[in-house]
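# Per-entry structural report
The lines below spell out each chain.
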Amino acid sequence: MTSDIALKPRRVADSAAEMAELVLPHHANVHGSVLGGTVMHWIDLAAAVVASRHSRRPVVTAAIDEMSFQAPILVGQLALLRAHITLVDRSSMEIQVDVDSEDLLTGEKRHTSTAYVTFVAIDPTTRRPISVPPLELVTDKELEEHARAKERRRIRLEHRDHLRATRTIR
Ligand SMILES: CC(C)(COP(=O)(O)OP(=O)(O)OC[C@H]1O[C@@H](n2cnc3c(N)ncnc32)[C@H](O)[C@@H]1OP(=O)(O)O)[C@@H](O)C(=O)NCCC(=O)NCCS
């Protein structure tokens, strides 16, 4: 791990990203709605944009928290992804990605998923984790989200350690 005290703090708004994906037949399952794995791919990409913008470093996905799909997104509808950073530690960043569907004929929007993705910045040569700029929290909402993100990080790492200690690999 390298430390760089000159890393300038960045705000949540500096790295926030939005993405729209039109659901095409090749994205769909046999029921005419988008595959869960495809939505997860888009979530990963939206979160990668945020982590890259915040850190301006190469980043890799370390973890995606458990997530659910609350409503289908049908072929011909849009998947709207909004991603923002909620927590920065030394090399890791938590990104929240909210997904909505938009019916292009009616304009109706529905929330379908929220995911929390952890990215880690790595040194391009050693591929070992490196420090990222601190996060400057501005609004009360950002402070509240950050407190919740800290608790999620604690639980996530505890869960990871438990899985590592108890798993058997075949
Ligand atoms: C992510 C990775 C760089 C972490 O390396 P590591 O040797 O575990 O490094 P460390 O133990 O020093 O952890 C580095 C940071 O990652 C975080 N981290 C590691 N595993 C994590 C997990 N499962 N969930 C959340 N955070 C995790 C640590 O908390 C630490 O955060 P901090 O620096 O902000 O305190 C390494 O596991 C890796 O390269 N994984 C593959 C990434 C990849 O290829 N992703 C694409 C999908 S396959």
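Heads up: the structure comes first, above all this text.
Remember, it's a predicted structure, so these values are computed and weren't measured experimentally. (Residues numbered from 1 in each chain as written. Predicted model: local features only at pLDDT ≥ 70, side-chain atom pairs only at ≥ 80, totals over all residues. Heavy atoms only, no water.)

With that settled, the discussion passes to the environment of Gln96. Within the secondary structure layout, Gln96 lies in strand 5 (residues 92-102). Looking at Gln96, the relative accessible area reads 11%, which means it is buried. Taking the C-alpha atoms as reference, Gln96 lies 13 Å from Lys150; in sequence the two are 54 residues apart. Discounting residues that sit within four places of it in the chain, Gln96 has contacts with Arg82, Ala83, His84, Thr86, Thr114, Ala115, Tyr116 and Glu145. Side chain to side chain, Gln96 and Asp98 meet in a polar contact 3.2 Å long. (Helix = DSSP H or I, 4+ residues; strand = E, 2+ residues; numbered from the N terminus. Buried < 20%, exposed > 50% of the residue type's maximum accessible area, 1.4 Å probe, protein only. Contact = heavy atoms within 4.5 Å. Polar contact = N/O pair within 3.5 Å; in protein donor to acceptor, adjacent residues only side chain to side chain.)

Right, let's talk about the pairing of strand 5 for a bit. Counting buried positions along strand 5 gives 11 out of 11 residues, so the element sits mostly inside the fold. Neither face of strand 5 is exposed, since Ser92, Glu94, Gln96, Asp98, Asp100 and Glu102 on one face and Met93, Ile95, Val97, Val99 and Ser101 on the opposite face are all buried. The sheet contact formed by strand 4 (residues 78-88) and strand 5 spans 10 bridges and is antiparallel. Bridging from a neighbouring strand, His84 pairs with Gln96 of strand 5. Where strand 5 lies against strand 6 (residues 109-121), 11 bridges are found, and the strand directions are antiparallel. Residue pairing for strand 6: Gln96 is matched across the bridge by Tyr116. Between strand 5 and strand 6, which pair antiparallel in sequence order, lie six residues; one of them, Gly107, sits at a positive phi of approximately 85°. (Pairing = 2+ DSSP bridges.)

Mapped onto the elements of the fold, Ile169 is located in the segment after helix 3 (140-166). We classify Ile169 as exposed; its relative accessible area is 72%. Taking the C-alpha atoms as reference, Ile169 lies 28 Å from Ser91; in sequence the two are 78 residues apart.

Its identity is not glycine, yet Arg56 carries a phi of approximately 50°, on the positive side. Here Arg56 lies in the loop between helix 2 (36-55) and strand 3 (59-64).

A separate point is the nonpolar core. Soluble globular proteins tend to bury their nonpolar side chains together. With 31 residues, the main nonpolar core has Ile43, Leu81, Ile85, Met93, Ile95, Val97 and Phe119 as its most contacted residues. Listing elements by their share of this core, those giving two or more residues are strand 2 (17-22), helix 2, strand 4, strand 5 and strand 6. In terms of residue count, the dominant contributor to this core is helix 2 (seven residues). Contacts of Met93, omitting those with residues within four sequence positions, involve Ala51, His54, Ser55, Val59, Ile85, Leu87, Val88, Val117, Thr118, Phe119, Ala121 and Val132. (Core = buried A, V, L, I, M, F, W, Y, C linked by side-chain atoms within 4.5 Å.)

Pairing within the open sheet is antiparallel, and its five strands lie in the order 2-4-5-6-3. The sheet is open, and its two edges are formed by strand 2 and strand 3, each paired on a single side. Each strand of the sheet is rotated relative to its neighbour by a mean of 30°, with strand direction disregarded. Pairing of strand 3 with strand 6, which is carried by five bridges, proceeds in the antiparallel orientation. If you follow Val59 over to strand 6, its bridge partner there is Ala121. Each of strand 3, strand 4, strand 5 and strand 6 is contacted by helix 3, which is oriented at about 85° to strand 4, the strand it contacts most. (Axes fitted to C-alpha atoms, helices over the stretch in contact; angles between N-to-C directions.)

Around the ligand, the surrounding shell holds 17 residues, and the nearest of these are Thr61, Arg90, Ser91, Ser92 and Arg160. Between Arg128 and the ligand, the recorded distance is 3.1 Å, taken from a side-chain N or O atom to an oxygen atom. Between the ligand and the protein, one listed contact pairs a nitrogen atom with a side-chain N or O atom of Arg160 at 3.0 Å. Computed on the free molecule, the ligand has an accessible area of 940 Å², of which 61% lies beneath the protein chains in the complex. Elements supplying a minimum of two residues to the shell around the ligand: strand 3, strand 6 and helix 3. (Near = heavy atom within 4 Å. Areas by Shrake-Rupley, 256 points an atom, 1.4 Å probe, with all protein chains shown as cover.)

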